[in-house]
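Working through the structure, step by step
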Amino acid sequence: MIEPAVHLRSANLTELEYLALNSELNMADGHARQELTDGQQRIVEEFPTLFEKAAAQPVEDLEREAHRAFLHLLGQHSYPAGRVLSCYASSVAMEILARSLATRTDAVALVHPTFDNIPDILRGVGLRLVPVEEDPLHAGAPLPDGVGCVFVTTPNNPTGRVLTAERLAALAAECREKDVVLALDTSFRGFDPRAHYDHYAILESSGCRWTVIEDTGKLWPTLDLKVGLLVYSANVGLPVAKIYSDILLGVSPFILALVERFAEDAASGGLADLHAFIAEGRRIVHETLGDVPGVAFPDADSVVSVERVDLGDRRCADIWSALQDRQVYVLPCTQFHWADPGLGERSLRVALARSHTSLQAAVRELRSVLLAG
Ligand SMILES: Cc1ncc(COP(=O)(O)O)c(C=O)c1O
């Protein structure tokens, strides 16, 4: 068990997520841990057939079909089919991008706050980071000078903020003008229909150098059988394909076949059901905590599978050991504020992709800790 306060501050978010893995009340990581729907359960029952299909079919076909099913599900009709690299996870795609960027630039402008493994991976290859706050980013403020890449998580984790089509077009035009790579992480886009406009149509027509990281891993409770996709422009000018080949040959054909089947199920009603499921989880959090003095929900427009909770005067460190005593795991927002951790110390993040019974039990415990503190 980690010591409250000291380790809470120095741990990265994934280290805090490890602690939660064996708890019923794990509301920490953003992975999908809800129960399978009936449609998804039927796919799981077909696993032997799916395995045979994956073993028999050429990987190239499986890959093309999985990419197509997943990206069309999310409105990304103009993705360039010949420039999609399948990775074991989106963090692997991120590592490949970071290593590629480090061959051409020494600085990246990165949205603030965001999930800490993005800045950690970028810093890990020696890149200097310049924070770009969300309000100016979305309002159209000019990008910082002296960077070789602008990196935006949309929808963002943990805030749920989404780049509009107009803003994406303007950013892409600015990046083209300044010859800066525009990099997006859209891992959470499945949850938010406002992120389902065709990003690739805008990026391709802008003429800018761009990359996009997509992720099947946040949506479906597939026990972390998932892929991350690294998609890039023809003119990206980065050795992404070469560095990909330094790291992996490809992902499991079985997982590709699985992604295709889950995407088909989602297209025939499963995605709308998932949106309703997450909305109900959010309602449970709001209803259970809404009348606790000082508590507020800062992301009124968010529909992603995580919810931030402001704690008023309380700091996460003040309630951490009481939560651990009750086996309740959430994430402090400190580490999301990678450039200024103090900004996140009075809020926490609750994961919503969980059974409603566990979520309800966890937020009830959180409520009683907050009322006692
Ligand atoms: C925005 C974002 N991108 C990437 C990742 C990394 O995902 P994975 O752990 O599947 O590699 C996360 C993890 O939560 C995330 O929030």
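Rules used throughout
- All residue numbers refer to positions counted from 1 along the written sequence of the respective chain.
- Restriction of local features to residues with pLDDT of at least 70 applies here, the model being predicted, together with a cutoff of 80 or more for giving and counting side-chain atom pairs; totals for whole chains, interfaces and linings are based on all residues.
- Side-chain metrics in this entry use all non-hydrogen atoms of the structure; hydrogen atoms and water are not considered.
- UniProt positions are given in the numbering used here, feature names are shortened, and annotations may be inferred rather than shown by experiment.
- We call a residue near a given molecule or strand whenever any one of its heavy atoms falls within 4 Å of it.
- Pairing of N or O atoms within 3.5 Å defines a polar contact, subject to two protein rules: one partner must be a possible hydrogen donor and the other a possible acceptor, and residues neighboring in sequence count only if both atoms are side-chain atoms.
- Only the protein chains shown count as cover for residues, and the accessible areas themselves come from Shrake-Rupley with a 1.4 Å probe.
- The nonpolar class holds Ala, Val, Leu, Ile, Met, Phe, Trp, Tyr, Cys and Pro. Asp, Glu, Lys and Arg form the charged class, and all remaining residues, Gly among them, are polar.
- Elements are defined by DSSP. Helices are runs of H or I of four residues or more, strands are runs of E of two residues or more, and each kind is numbered from the N terminus.
- Burial here depends on accessible area, computed with a 1.4 Å probe over protein chains only, as a share of the maximum for the residue type. Under 20% is buried, over 50% is exposed, and the range in between is partly exposed.
- We score Asp and Glu as negative and Lys and Arg as positive, and we do not count His or the chain ends.
- For this document, the term salt bridge refers to a Lys or Arg side-chain nitrogen within 4 Å of an Asp or Glu carboxyl oxygen.
- When checking whether two residues touch, look at their non-hydrogen atoms; a contact exists if any pair is within 4.5 Å.
- Residue ranges for the domains trace back to a domain assignment, done automatically or taken from a database.
- Throughout, the accessible surface (probe 1.4 Å) given up by two parts as they are put together, summed over both, is called the buried area.
- As used here, the arc is the angular range of directions from the helix axis to the C-beta atoms.
- Paired strands are those between which DSSP finds at least two bridges.
- Throughout, an axis means a line fitted to C-alpha atoms (over the contacting stretch in the case of helices), and angles, computed between N-to-C directions, take values from 0 to 180 degrees.
- Confidence of the prediction at every residue is given by pLDDT, a number between 0 and 100.
- Put simply, buried Ala, Val, Leu, Ile, Met, Phe, Trp, Tyr and Cys residues joined by side-chain atoms within 4.5 Å make one nonpolar core.
- Under the convention used throughout, the expected extent of a helix is 1.5 Å for every residue step, that is, one less than its residue count.
- A residue's bend is given by the angle between axes fitted to the 7 residues ending at it and the 7 residues starting at it.

Labelled according to an unreviewed UniProt entry, the chain appears under the name Enduracididine biosynthesis enzyme MppP, originating from Microtetraspora fusca. The UniProt entry for the chain carries the following comment under Cofactor (unreviewed entry): "pyridoxal 5'-phosphate".

**Some remarks on the site of the ligand**
By nearness alone, every residue bordering the ligand is listed as His-31, Ala-89, Ser-90, Ser-91, Phe-115, Thr-153, Asn-157, Asp-185, Ser-187, Phe-188, Lys-218 and Lys-226. The contact in question runs from an oxygen atom of the ligand to an N or O atom on the side chain of Ser-90, over 3.1 Å. Asn-157 has a polar side-chain atom sitting 2.6 Å from an oxygen atom of the ligand. For the ligand, whose accessible area on its own is 400 Å², the fraction buried by protein is 92%. Along the lines of polarity and charge, the residues of the shell around the ligand split into three nonpolar, six polar and three charged.

**Some remarks on the side chain of Asp-185**
Note on placement: Asp-185 falls in strand E5 (residues 181-185). Look at Asp-185: it is buried, it has no salt bridge, and the nearest opposite charge is Lys-218 at 7.1 Å. Those residues in contact with Asp-185 that sit more than four places away from it in its chain are Ile-118, Phe-151, Val-152, Thr-153, Thr-154 and Ile-213.

**Concerning the domain arrangement of the chain**
Taken domain by domain, the chain comprises domain 1 (6-36 + 269-372) and domain 2 (38-264). If you average the C-alpha positions of domain 1 and of domain 2, the two centres end up 25 Å apart. Tallying the contact residues gives 31 residues for domain 1 and 40 residues for domain 2. Here domain 1 and domain 2 share an interface that buries about 2800 Å² over both sides, 63% of which is from carbon and sulfur atoms. The interface formed by domain 1 and domain 2 contains zero salt bridges. Between domain 1 and domain 2 we count 11 residue pairs in polar contact (both at pLDDT 80 or more) in total. Elements represented by at least two residues in the side of domain 1 that touches domain 2 include exactly helix H2 (13-20), helix H12 (253-289) and strand E8 (306-310).

**Topic: helix H13 (residues 316-325)**
Cys-316, Ala-317, Ile-319, Trp-320, Leu-323 and Gln-324 are the residues of H13 that are buried. The buried residues of H13 all sit within an arc of 160° when viewed along its axis, so they share a single face.

**Points about the sheet that holds strand E9 (residues 331-332)**
Read across the sheet, three strands follow the order E8-E10-E9 without closing on themselves; strand pairing throughout is antiparallel. Each edge of the open sheet is held by one strand with a lone partner, namely E8 and E9. Sheet strands touched by H12: E8 and strand E10 (347-351). Its angle to E8, the strand with the most contacts, is close to 15°.

**Quick notes on the pairing of strand E4 (residues 149-153)**
With five of five residues buried, E4 is to be regarded as a mostly interior element. Burial along E4 is two-sided: Cys-149, Phe-151 and Thr-153 and Val-150 and Val-152, pointing in opposite directions, are all buried. Bridging between strand E2 (residues 107-112) and E4 involves three bridges; their strand directions are parallel. From the neighbouring strand, Leu-110 faces E4, where its bridge partner is Phe-151.

**Focus: the environment of Gly-148**
Structurally, Gly-148 can be placed in the loop between helix H8 (134-139) and E4. Taking the C-alpha atoms as reference points, Gly-148 and Phe-47, 101 residues apart in sequence, are found 45 Å from one another. The residues contacting Gly-148, other than those within four sequence positions of it, are Thr-105, Ala-107, Val-180 and Val-181.

**Here we look at the confidence of the model for the chain**
Summing up the model confidence of the chain, the mean pLDDT is 95 and the portion of residues at 70 or higher is 98%. When the criterion is pLDDT under 50, residues 1-6 qualifies, and its contacts beyond four places in sequence or with other chains add up to 11 contacts.

**Quick notes on the nonpolar core**
Leu-122, Val-150, Leu-182, Leu-203, Leu-230, Leu-348 and Val-350 are the most contacted members of the largest nonpolar core, which has 127 residues in total. In terms of residue count, the dominant contributor to this core is H12 (15 residues). Both domain 1 (6-36 + 269-372) and domain 2 (38-264) contribute no fewer than three residues apiece to this core. Here Leu-122 is in contact with Met-94, Ala-98, Leu-101, Val-108, Leu-110, Leu-127 and Leu-129, once residues within four sequence places are set aside.

**Thoughts on the pattern of salt bridges**
It is possible for side chains of opposite charge to pair when their charged atoms get near one another. Scanning the entire structure with this criterion turns up 25 salt bridges. The residue Asp-29 makes a salt bridge to Arg-354 at a minimum N-O spacing of 3.3 Å. On the criterion of sequence distance, the pair formed by Asp-29 in the loop between H2 and helix H3 (38-45) and Arg-354 in the loop between E10 and helix H14 (356-372) is long-range, its members being 325 residues apart. With a relative accessible area of 4%, Arg-354 lands in the buried category. Residue Arg-261 is joined to Glu-264 by a salt bridge in which the shortest nitrogen-to-oxygen separation is 3.0 Å. Residue Arg-261 and its partner Glu-264 are both found in helix H12; the two are separated by three residues, about one turn of the helix. Among the residues examined, Glu-264 registers a relative accessible area of 36% and is labelled partly exposed.

**So, the UniProt feature "domain: Aminotransferase class I/classII large" (unreviewed entry) in the chain**
When the UniProt feature table is mapped onto this chain, "domain: Aminotransferase class I/classII large" (unreviewed entry) is found at residues 83-364. Note that residues 83-364 is 40% helix and 17% strand, and that its end C-alpha atoms are spaced 47 Å apart.

**So, H12**
Between its first and last C-alpha, H12 extends only 44 Å over 37 residues, short of the 54 Å set by a 1.5 Å rise per residue. Roughly 80° is the biggest bend found in H12, and it falls at Ala-267. If you check the start of H12, you find a side-chain oxygen 3.0 Å away from the backbone N of Phe-254, and it comes from Ser-252.

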